[in-house]
Amino acid sequence: MSTSLPRICLLAGIALWAPAALAQEDAREAEMRAELERQEIFRAGFQDIVTDLNNNSVERFALAIDRDDMLERIFGLRLIDPKVKQRFRESFDDNLANIVKSAFADTGGNIRAAWLGFGSKGDRGKAIVRYDLPDFQFNYHEYELRLDDRSRVVIVDWIDYLDGKRFSDIVGMQLIAANPGKPAVRKLLDFQGPTEQQTFQVTELLKASRDRQVDRYFDILKDVDEKLRRQRVVVETSVQLTKATRNRRKLRTALIDVDKYFPNEPLYSLMLLDYYFPSRKYEQAMQTLLRLQSTLGVQDSAMAARLSAASLVLGNIEDALSYAEQAVQSEPGLELGWWSALRARTAMRQFDAAVEALDQLEKTFGYTLGPEAFEKDPPMADLLLSSEYETWLDSRDRAEAAESAEDEND
């Protein structure tokens, strides 16, 4: 019995296709292995940078910046005074470490970095890092990364959410403000054909900000028209000046403008929280936190703790407890998480769990939380009257007395 021609052709086709398919599969597997290797290199390299930061050193961070590329990003198409530009270029290498240090000034000299998220594809990567600040405040940086031809991690640029701008944009604006010319100022505005008065006013605002002259700055600002006052360059400069000079009263004025003109801008989320919480605008604070969380695209214990606080004041007690439990479970070493847990558990009348939070706050963070600590804290009254609190307090006092007696015997 003879084999038909179509069957012979089919078998021949399969014979030719199989090796090609296997080769393609091998190539895909090789690329997947190479991608996983790059990801591991990325992670290890960036972990070294974060570890160095947590040792209060910016050396690795500064060395990871491509000097030439960063200079081009800072200069960009900005119309910077040529002399200012030349001086900055000449001193950039020597001053880079100090420039980087200024990006961490809000940490109060104690950098505490928590690496929250990472992703990479090929030689490009992105990382999200939280920085813990004094007084239970937090900042977030979103890093743009790449691998160079020697497989070293390069920090391309980053968004600083406390400033609401990219690092290169922050420095670039400082260079423009050093000697702002008319063409440079006009280019900062988002409308065509500003008047001579408008150009002059923005120029003077930049100079006043540069010289840290808060009163002069706001004297000029009160006379600008609505079209000019709503400009990003004006709104951002107002905030940066008042933060730099620690002028809380004027900062509130600046943040009112942020809320008025850019209430839904994710980049301004952290600065808006400094207005919403003190002003008891809790619903706006809640939505701003959720917007920032969505923008960052990571789960963060500090964010959960703040969402718990916002939920609690809004009366959403179950949500407050859920956020607080998320915070302490995912990051037990975060103090704010335990404060949120204490208040949410107390509001839910879960007093046994509340005294667990008290115990953590005392033993881990050094507080003394007897009744006197909550004398002016009405929401905690029910906990102080509970049998669970009395039992915990008695047990704590007896343990302290026993320890004291042991010390005396020694």
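See the structure printed just above.
Now for a look at the structure at hand. (Residues numbered from 1 in each chain as written. Predicted model: local features only at pLDDT ≥ 70, side-chain atom pairs only at ≥ 80, totals over all residues. Heavy atoms only, no water.)

## Considering the sheet that holds strand β2 (residues 124-133)
Strand pairing in a sheet takes place through backbone hydrogen bonds and is either antiparallel or parallel in direction. Here 5 strands make up an open sheet; going across it, the order is β1-β2-β3-β4-β5 and the pairing antiparallel. This sheet does not close on itself; its edge strands, each paired only once, are β1 (113-121) and β5 (165-166). Note: β2 against strand β3 (residues 137-147), 10 bridges, orientation antiparallel. Paired with Asp132 across the strands is Phe138, a residue of β3. (Pairing = 2+ DSSP bridges. Helix = DSSP H or I, 4+ residues; strand = E, 2+ residues; numbered from the N terminus.)

## Digging into the pattern of salt bridges
Applying the stated rule across the entire model yields 32 salt bridges. The salt bridge partner of Asp132 is Arg130, with a shortest N-O separation of 2.7 Å. A single burial state applies to Asp132 and to Arg130, both of which are buried. Across the pair Asp257 and Arg229 runs a salt bridge whose closest N-O atoms are separated by 2.7 Å. Of the two residues, Asp257 is situated in helix α11 (residues 248-261) and Arg229 in helix α9 (residues 226-229); the sequence distance between them amounts to 28 residues. One exposure class covers both Asp257 and Arg229, and it is buried. Through salt bridges with shared partners, a single ionic network connects Asp69, Arg73, Glu144, Asp157 and Arg166. (Salt bridge = Lys/Arg side-chain N within 4 Å of Asp/Glu carboxyl O. Buried < 20%, exposed > 50% of the residue type's maximum accessible area, 1.4 Å probe, protein only.)

## Section: unusual backbone geometry
Positive phi values are uncommon outside glycine, yet Asn56 reaches one of about 60°. Inspection of the secondary structure puts Asn56 in the loop between α1 (5-54) and α2 (59-63). By relative accessible area, Asn56 is classed as partly exposed at 40%. In the Ramachandran plot, Arg280 falls in the positive-phi region, its phi being about 60° despite a non-glycine side chain. By secondary structure assignment, the location of Arg280 is in the loop between α12 (269-276) and α13 (282-296). Of the residues examined, Arg280 reaches a relative accessible area of 66% and is grouped as exposed.

## Brief notes about the pairing of β2
Counting buried residues in β2 gives 8 out of 10 residues, a clear majority hidden from the surface. Alignment of β1 against β2, held across 8 bridges, turns out to be antiparallel. The residue of β2 that forms the bridge with Gly117 is Ile128. The hairpin turn running from β1 into β2, its antiparallel successor, is 2 residues long, and Gly122 in that turn takes a positive phi close to 65°. A loop of 3 residues connects β2 with β3, the two strands running antiparallel in sequence, and Asp135 in this loop sits at a positive phi of about 60°.

## Things to note about the packing of aromatic side chains
In this structure the tally under the stated criterion is 18 aromatic pairs. Ring centres 5.8 Å apart and planes at 85° place the aromatic pair Trp115 and Phe118 in the edge-to-face group. On the accessibility criterion, Trp115 (23% relative accessible area) is partly exposed. What makes Phe118 buried here is its relative accessible area of 18%. On the numbers, 5.8 Å between centres and 40° between planes, the contact of Tyr143 with Trp158 is tilted. Linking Tyr143 in strand β3 with Trp158 in strand β4 (residues 153-160), this pair joins segments that are 15 residues apart in sequence. The pair formed by Tyr143 and Trp158 is uniform in burial state, with each residue classed as buried. Put simply, the rings of Phe42, Phe46, Phe61, Phe104, Trp115, Phe118, Tyr131, Tyr143, Trp158 and Phe167 touch in pairs and so form one group of aromatic residues. Sitting over the ring of Phe75, Lys85 keeps its end group 5.0 Å from the ring centre. Lying across the ring of Phe191, Lys227 places its NZ or CZ 4.3 Å from the centre. (Phe/Tyr/Trp six-rings, centres within 6.5 Å; stacked < 30°, edge-to-face > 60°. Lys NZ or Arg CZ within 6 Å of the ring centre and 35° of its normal.)

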